[in-house]
Amino acid sequence: MLPTLRQLQYLKLLAEHASFSRAAEAAHVSQPALSAGVQELERILGATVVERTRGNVQLTAVGREAVKRAEDVLARAEDLVEAARNAGKPLSGRFRLGVIPTVAPFLLPAKLPGLAAAYPGLRLFIREDLTPRLVAGLKAGHLDAAVIALPYSAPGIDHARIGDDEIMAVAPVGHALAGAGPIPPGSLRAQDLILLEDGHCLRDQALAAFDIDPPKGDDVFAATSLHTLVQMVSSGLGVSFLPEMAVRAGLADMPGVVVRPIAAVAPSREIVVAWRTGSSRAGEAALLAEALTLD
C-alpha cells in the first residue's frame, strides 16, 4: 500500500501546527479522524512519524523526512490540478506570487494594472517576504513563482529574466560623497554605511559589488526597510545604497538626500521570476516575467 494524499496532508499540517487539534481544524476534519489518518500512515510506512506526549507533538527523524517528501508530492499534485483546470488558459485561476520587499513597492504598482488587463482570469495572491523564505515557499509548493534578485544560489529553482536594476549610492547633503558626478571606486567605507538588516539580499549584493566587508558590532545602524533607510540617510546618519527602481519611484525625493551613481561599470542586480524546477506552471511564470519586464 501507498500513503494517500490526505494522509500526507495530515502529516504536513501536523508539522506546521505541532498540535493534533489545530492540524485537524486546518484540515477541516475531527481530531480523531486526523489521528487515525496519521496512525494509518505510520502503519503503511512501518515507522513512527510522531512522538505523542501530553501537550506536545514532536516529529521523529522518519517523520521529518516524510514531511519533506510529502511537501514535494503535495505540491506536484496541486500543480496537476491547476494545470488541468487552466489547460489552454495561461495565467488564469489562482496564482501565488512571492516578491522581495526591495522590489514589491516599486515594480507591482506600475505593472499590475497591465497584467490584470492582459489576463483578466488571473487571481493573483501576493506574498512579500525575504528571498530565503520565498525560495523555501517555492520548493514546498506554497508559491507558484517569486520575484527575486540575482545573484542568489538556489538549487532546484529555475528563472526568467525581468531586467537589470542598477545599485546607486545615497548620501546626506553636505557629506563628502554628496558632490557632483559618480563616486570613484574605494570611496565607500564600511563604517560610513547604513544598511538593511541581515536577510535582505540587496544588502549582500551591494557589499559584494563594492568589495566591502559587512560592518561588525552592535553600533551598526540597520534599517528594516528602504523607506526607513532613506530617512536615516536624510537625518545625516550615514551613506547607503538604493536600487534604481526605488529612485525612479521617488523614494529618495526628500530634503537632505543626494543620489549618486557609482563610477566605472555600475553595479546592478538581475531581477527575475523564479519557480520550482519541474513545476507545471513554469510556462506561466515565464509569461509573468514578460509582463513584468522593466522599462
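Below, the structure is looked at part by part. (Residues numbered from 1 in each chain as written. Predicted model: local features only at pLDDT ≥ 70, side-chain atom pairs only at ≥ 80, totals over all residues. Heavy atoms only, no water.)

1. Considering the environment of Val257
We apply this condition: Secondary structure elements are defined from DSSP: runs of H or I of at least 4 residues count as helices, runs of E of at least 2 residues count as strands, and each element is numbered from the N terminus. Any two residues whose heavy atoms approach within 4.5 Å at even a single point are treated as in contact.
Within the secondary structure, Val257 is located in strand 10 (residues 257-260). When the C-alpha atoms of Val257 and Leu193 are compared, they prove to be 14 Å apart, with 64 residues separating the residues in sequence. Excluding residues within four positions of it along the chain, Val257 makes contact with Val170, Ala171, Val173, Val230, Val233, Ser234 and Ala252.

2. Quick notes on the side chain of Arg269
Here is the rule: Pairs of N or O atoms within 3.5 Å make up the polar contacts considered here, provided that, within protein, one atom can donate a hydrogen while the other can accept it, and that residues adjacent in sequence are counted only when both atoms are side-chain atoms.
Turning to its location among the elements, Arg269 is positioned in strand 11 (residues 268-276). Engagement of the side chain of Arg269 in a polar contact is seen with the side chain of Thr102, the distance being 2.9 Å.

3. A few points about the packing of helix 1 (residues 5-17) against helix 4 (residues 61-85)
The following threshold applies: What counts as an axis is a line fitted to C-alpha atoms, over the stretch in contact for a helix, and the angles between N-to-C directions run from 0 to 180 degrees. Any angle that is under 35 degrees is reported as roughly parallel, and any over 145 degrees as roughly antiparallel; angles of 65 to 115 degrees are reported as roughly perpendicular and all others as oblique. Working rule for handedness: look at the near helix, and if it is turned counterclockwise from the far one by less than a right angle, call the crossing left-handed; if clockwise, right-handed. Each residue is assigned to one of three groups, with Ala, Val, Leu, Ile, Met, Phe, Trp, Tyr, Cys and Pro labelled nonpolar, Asp, Glu, Lys and Arg labelled charged, and all others, Gly among them, labelled polar.
Here helix 1 crosses helix 4 at 120°, and the two axes come no closer than 9 Å. The angle between helix 1 and helix 4 places the two elements in the oblique class. Handedness of the helix 1/helix 4 crossing: left-handed. Across from Leu5, Leu8, Gln9, Leu11, Lys12 and Ala15 in helix 1, the residues of helix 4 making contact are Gly63, Ala66, Val67, Ala70, Glu71, Val73, Leu74 and Ala77. For the contact of helix 1 with helix 4, the class distribution of residues is ten nonpolar, two polar and two charged.

4. Structural notes on the environment of Ala140
The residue Ala140 is located in helix 6 (residues 131-140) in this model. For the pair formed by Ala140 and Ala70, sequence separation is 70 residues and the distance between their alpha carbons is 9.0 Å. When near neighbours in sequence (up to four residues on either side) are disregarded, Ala140 contacts Glu71 and Ala75.

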